[in-house]
Amino acid sequence: MKILVASHTYIVDLNCEKLRILSQLEPRIEVTVVVPKKWKPGGVQNKIIETQYREEGKFRIVPVSNFSQNHQGLLTFGADLISLLRKFRPHIIQVEQGSRGLAYAEMITLNQLLGLKAKNLFFTWWNLPYELKFPVSLLEKYNLTHSHGIISGNQDGAEILRQRGYKGSIKVMPQLGVDETLFTPTPQPELATQLGIKPGDFVVGFVGRFVQEKGLLTLLNALVTLKDKSWKFLLLGRGPLQSEFMNKAAENNIQDRIILVESVPHNEVPKYINLMSTLVLPSETNDKLKNLTSVGWKEQFGHVLIEAMACKVAVIGSNSGEIPYVIGDAGLIFPEGDVQSLSHCIVQLMEKPEFAKNLGEMGYQKAMTQYTNKALAKKQLEFYQELVSQ
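The rules behind each value
- Residues numbered from 1 in each chain as written.
- Predicted model: local features only at pLDDT ≥ 70, side-chain atom pairs only at ≥ 80, totals over all residues.
- Heavy atoms only, no water.
- Pairing = 2+ DSSP bridges.
- Helix = DSSP H or I, 4+ residues; strand = E, 2+ residues; numbered from the N terminus.
- Axes fitted to C-alpha atoms, helices over the stretch in contact; angles between N-to-C directions.
- Contact = heavy atoms within 4.5 Å.
- pLDDT = per-residue confidence, 0-100.
- Parallel < 35°, antiparallel > 145°, perpendicular 65-115°, else oblique.
- Left-handed = near helix turned anticlockwise from the far one by under 90°.
- Nonpolar A, V, L, I, M, F, W, Y, C, P; charged D, E, K, R; others polar.
- Core = buried A, V, L, I, M, F, W, Y, C linked by side-chain atoms within 4.5 Å.
- Buried < 20%, exposed > 50% of the residue type's maximum accessible area, 1.4 Å probe, protein only.
- Phe/Tyr/Trp six-rings, centres within 6.5 Å; stacked < 30°, edge-to-face > 60°.
- Right-handed = clockwise from strand over helix to strand, strands pointing away.
- Expected span 1.5 Å × (residues − 1).
- Salt bridge = Lys/Arg side-chain N within 4 Å of Asp/Glu carboxyl O.

**Some points on the sheet that holds strand S16 (residues 332–334)**
Within the open sheet, the six strands sit side by side as S13-S12-S11-S14-S15-S16. Their pairing is parallel. Each end of this open sheet is capped by a strand with a single partner; those strands are strand S13 (258–261) and S16. Averaged over neighbouring strand pairs, the angle between their axes works out to 20° when direction is ignored. Pairing analysis gives four bridges linking strand S14 (residues 278–281) to strand S15 (residues 314–318), with the strands arranged parallel. Residue pairing across strands places Val280 opposite Ile316, the latter belonging to S15. Contacts between helix H12 (residues 339–351) and the sheet are confined to strand S11 (203–207), S14, S15 and S16, with S16 contributing the most and set at about 160° to the helix.

Given below as structure tokens:
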């Protein structure tokens, strides 16, 4: 089976592991990943990444000329894509730019014009209802009509696609898995000493952006209600809420319990997660989205949850978006924004260490069986085989 996947996501080599594994699952599988030749990462001024061709056995990254360097929806590819498609002749074409991606419409059209007879798929994270105006509505209709299958990163996204009239096959699974060789249970006594964490300390952890929708202030308020208990709060990240967060901590005389680490390389994150007694993802939904120009957000997956689970750290999450599905019965769920419920979850883990340990073990088993790159590669291949056989 020849598989072609197109996305700017795979400019980053770390993100390629699932597809690399996919190419190794069976002898006759070949995976070609199309990436833009030049891409400007969001939020990074004056930085343009120029991608390079890479080949590793039956897996290869092929940079193709592109007409947008920083907009997912407007990304399209140049004429060199045509020669690549003619030579490779894929059985599967998957574009990971959402239902309204121009690159996906381009692939669909070239698939027809070149007589490839490949199955068309796209991946989407989008999980909020939306309205579209002409001509974007026509573009999405074209893409959905010609899709043989869809991979949605979450349950809500799949439901929205059904509501928009799509009747074909949908597979729900995240875009990227967890690297179990990196995120693994490993004691970190030296780092603990460096950060002032003593054996037996109960460490509440948070990893992410310091923004309103991540629920950081709700988590802080929950810890304020537990001032009479012994805990420390380890945070990895930064963002616009940082000043407000630290001021509130000072107002409540808990600033000495806060351990803030602003910038950590990805391969160092597991060390910090392994210091946590629990990792909390208290995301909060902003579902005011009515069109493409207004603001709305709901947790699309919560990748840090599976990273913590892979480290056998008990997880607590709000009920925003995909979080309850990711955690399942392998952690604790509370109503988003509910300070008292979150406090109760934290207290349960504080006062019942065996319970916390059991949740950590359950989370680990779930991460290993469902969320490693190998597990996701197998699920993706099964979906492809199902579509090709139709």
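**Some words on the confidence of the model for the protein chain**
In this model, the protein chain carries an average pLDDT of 95, and 97% of its residues clear a pLDDT of 70 or more. Here residues 289–294 is modelled with pLDDT under 50, and outside its nearest four sequence neighbours on either side it reaches 12 contacts, counting other chains as well.

**Some remarks on the packing of helix H10 (residues 303–310) against helix H13 (residues 353–371)**
Each pair of packed helices can be described by the angle between their axes along with the distance between the axes. As a packed pair, H10 and H13 sit with axes 7 Å apart at the nearest point and diverge in direction by 115°. Classified by the interaxial angle, the pair formed by H10 and H13 is roughly perpendicular. Handedness of the crossing formed by H10 with H13: left-handed. Along its contact with H10, which presents Ile306, Met309 and Ala310, the element H13 presents Gly360, Gly363, Tyr364, Lys366, Ala367, Met368 and Tyr371. Considered class by class, the residues forming the contact of H10 with H13 number seven nonpolar, two polar and one charged.

**Some remarks on the nonpolar core**
In terms of nonpolar packing, the biggest core is built from 54 residues, with Leu81 and Leu85 touching the most fellow members. Broken down by element, this core gets its largest block of residues, six residues, from helix H14 (residues 373–388). Leave out the neighbours within four places in its chain, and Leu81 touches Val34, Val64, Glu106, Met107 and Leu110.

**A closer look at the sheet that holds strand S8 (residues 119–124)**
Read from one edge to the other, the open sheet built from eight strands follows the order S5-S6-S2-S1-S7-S8-S9-S10, with strand pairing classed as mixed. What marks the edges here is a single partner per strand, and that holds for strand S5 (54–56) and strand S10 (169–172). Each strand axis lies, on average, 20° off the axis of its neighbour in the sheet, ignoring direction. Pairing of strand S1 (residues 2–6) with strand S2 (residues 30–36) involves five bridges; the strand directions are parallel. For Val5, the partnering residue across the bridge sits in S2 and is Val33.

**Quick word on the packing of aromatic side chains**
Scanning all chains against the criterion turns up eight aromatic pairs. Ring plane angle 55° and centroid distance 6.2 Å describe the contact between Trp125 and Phe301, whose orientation is recorded as tilted. Here Trp125 is found in the loop between S8 and helix H4 (136–145), whereas its partner Phe301 is found in the loop between S14 and H10, with 176 residues between them in sequence. On the accessibility criterion, Trp125 (24% relative accessible area) is partly exposed. Look at Phe301 and you get buried, because its relative accessible area is 4%. Relative to Phe245, the ring of Phe210 lies with its centre 6.3 Å away and its plane at 40°, an arrangement referred to as tilted. One end of the pair, Phe210, is in the loop between S11 and helix H7 (216–224); the other, Phe245, is in helix H8 (residues 242–251), and 35 residues separate them in sequence. An aromatic cluster of at least three residues, connected via ring pairs, comprises Phe123, Trp125, Phe301 and Tyr371.

**Digging into the environment of Val62**
Within the secondary structure, Val62 is located in strand S6 (residues 59–64). Spatially, the C-alpha atoms of Val62 and Gln72 are 18 Å apart, while their sequence positions differ by 10 residues. Setting aside residues no more than four positions away along its own chain, Val62 makes contact with Thr32, Val33, Val34, Val35, Tyr53 and Leu84.

**Considerations on the pairing of S13**
Sheet topology places strand S12 (residues 232–236) next to S13; four bridges connect them, and they run parallel. Paired with Phe233 across the strands is Ile258, a residue of S13. Read from S12 through H8 to S13, the crossover connection turns out right-handed.

**Let's talk about the pairing of S10**
In terms of strand pairing, strand S9 (residues 149–152) meets S10 through four bridges, oriented parallel. Residue Ile151 lies in a different strand from S10, and its bridge partner there is Lys171. Handedness of the crossover joining S9 and S10 through helix H5 (residues 155–163): right-handed.

**Let's talk about the environment of Ile327**
Mapped onto the elements, Ile327 comes out in helix H11 (residues 323–327). Each C-alpha atom of the pair Ile327 and Gly153 lies 15 Å from the other, and the pair is 174 residues apart in sequence.

**As for helix H3 (residues 102–113)**
Side chains three or four residues apart in an α-helix point the same way, a direct result of the helix having 3.6 residues per turn. Taking 1.5 Å as the rise per residue, H3 with 12 residues should run 16 Å; its terminal C-alpha atoms sit 16 Å apart, in good agreement. Buried within H3 are the following residues: Ala103, Tyr104, Ala105, Glu106, Met107, Ile108, Leu110 and Asn111. Looking at the buried positions of H3, the neighbouring elements they touch are S1, helix H2 (80–88), strand S7 (92–95), S8 and H4. Residue Gly115 follows H3 closely and has a positive phi angle near 65°.

**With respect to the pattern of salt bridges**
Counted under the stated rule, the structure contains 13 salt bridges. Here Lys271 and Glu268 are joined by a salt bridge, their closest N and O atoms 3.1 Å apart. Judged by its relative accessible area of 25%, Glu268 falls in the partly exposed class. The residue Lys312 makes a salt bridge to Glu361 at a minimum N-O spacing of 3.4 Å. Taken together, the positions of Lys312 in the loop between H10 and S15 and Glu361 in helix H13 put the pair 49 residues apart, joining distant regions of the chain. According to the relative accessible area criterion, Lys312 is partly exposed, its value standing at 35%. Each of Asp13, Glu17, Arg20, Arg54 and Glu56 takes part in a single network of salt bridges with overlapping partners.

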